[in-house]
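# Structural characterization, general
Given next are the chains, with one letter for each unit.
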Amino acid sequence: MSDRSLRGMRLGAQSMETESGVEPAPRQRVEYRCADGEQVFVTFSSEAEIPPVWVSKTGKEALLVDGEKPDTSNDKAVRTHWDMLLERRSLPELEQILEDRLTILRERRGERRSA
């Protein structure tokens, strides 16, 4: 009979414990502001490291109010595939490789070069 007493309950979905005596972890509310004046409030743990920039729900970057501006001078320039290729090969070398590959391709197609 006792195993029928929980019939109809969503076991695991709802706790049968009360929240009395439970203390939530300490938190802090941090304010960010976008360039257009939009305010964004985010709640962090009191032990968390606060990021200087936060992306709002509208997709805009918001800066920490009364915080230091993020240092963007250390950002690396984006290296493209071409930049990495030039680190390994010189332009004359690349031109020769291109010419060789084009010759092989033309021979496969049965084309003859008139030069």
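Please refer to the structure higher up on the page.
Described in the following lines is the structure provided in the data block. Quick caveat, the model's predicted, so the values are computed rather than measured.

## Examining the overall build of the chain
- Assigned secondary structure in the chain consists of 2 helices and 4 strands.
- Tracing the chain from N to C terminus, the helices and strands come up as β-β-β-β-α-α.
- Scored against the burial criterion, the 115 residues of the chain give a buried share of 9%.
- Restricting to contacts in the chain with at least 6 residues of sequence separation, those with at least 24 account for 18%.
- Surface accessibility of the chain: about 10,800 Å² in total, with carbon and sulfur atoms responsible for 50%.

## A few points about the pattern of salt bridges
- Across all of its chains, the model carries 5 salt bridges by this definition.
- Note that Lys 60 is salt-bridged to Glu 38, the shortest N-O span being 3.1 Å. Of the two residues, Lys 60 is situated in the loop between strand E3 (53–55) and strand E4 (61–64) and Glu 38 in the loop between strand E1 (27–34) and strand E2 (39–45); the sequence distance between them amounts to 22 residues.
- Overall, Lys 60 belongs to the partly exposed group, its relative accessible area being 32%.
- Accessibility expressed as a relative area gives 24% for Glu 38, which makes it partly exposed.

## Topic: the sheet that holds E1
- With antiparallel pairing, 4 strands are arranged side by side in an open sheet as E2-E1-E4-E3. With partners counted over all chains shown, the strands left at the sheet margins are E2 and E3, one partner each. Put simply, the sheet's adjacent strands are angled 40 degrees from each other on average, direction ignored.

## Quick word on the packing of aromatic side chains
- For the coordinates displayed, the defined rule picks out 2 aromatic pairs.
- Seen in terms of ring centroids, Phe 44 and Trp 54 are 5.5 Å apart; in terms of plane orientation they differ by 90 degrees. Their pairing is edge-to-face. Of this pair, Phe 44 sits in strand E2 while Trp 54 sits in strand E3, and the two are 10 residues apart along the sequence.
- Taking the relative accessible area as the measure of exposure, Phe 44 reaches 13% and is therefore buried.
- An aromatic cluster of at least three residues, connected via ring pairs, comprises Tyr 32, Phe 44 and Trp 54.

## Comments concerning the pairing of E1
- With 7 bridges connecting them, E1 and E2 associate as antiparallel partners. Bridge pairing in E2 links Arg 29 to Thr 43.
- Turn length for the E1-E2 hairpin, with the two strands adjacent in sequence and antiparallel, is 4 residues, and the turn residue Gly 37 shows positive phi of about 100 degrees.

Calculation criteria
- Residues numbered from 1 in each chain as written.
- Predicted model: local features only at pLDDT ≥ 70, side-chain atom pairs only at ≥ 80, totals over all residues.
- Heavy atoms only, no water.
- Helix = DSSP H or I, 4+ residues; strand = E, 2+ residues; numbered from the N terminus.
- Buried < 20%, exposed > 50% of the residue type's maximum accessible area, 1.4 Å probe, protein only.
- Contact = heavy atoms within 4.5 Å.
- Areas by Shrake-Rupley, 256 points an atom, 1.4 Å probe, with all protein chains shown as cover.
- Salt bridge = Lys/Arg side-chain N within 4 Å of Asp/Glu carboxyl O.
- Pairing = 2+ DSSP bridges.
- Axes fitted to C-alpha atoms, helices over the stretch in contact; angles between N-to-C directions.
- Phe/Tyr/Trp six-rings, centres within 6.5 Å; stacked < 30°, edge-to-face > 60°.

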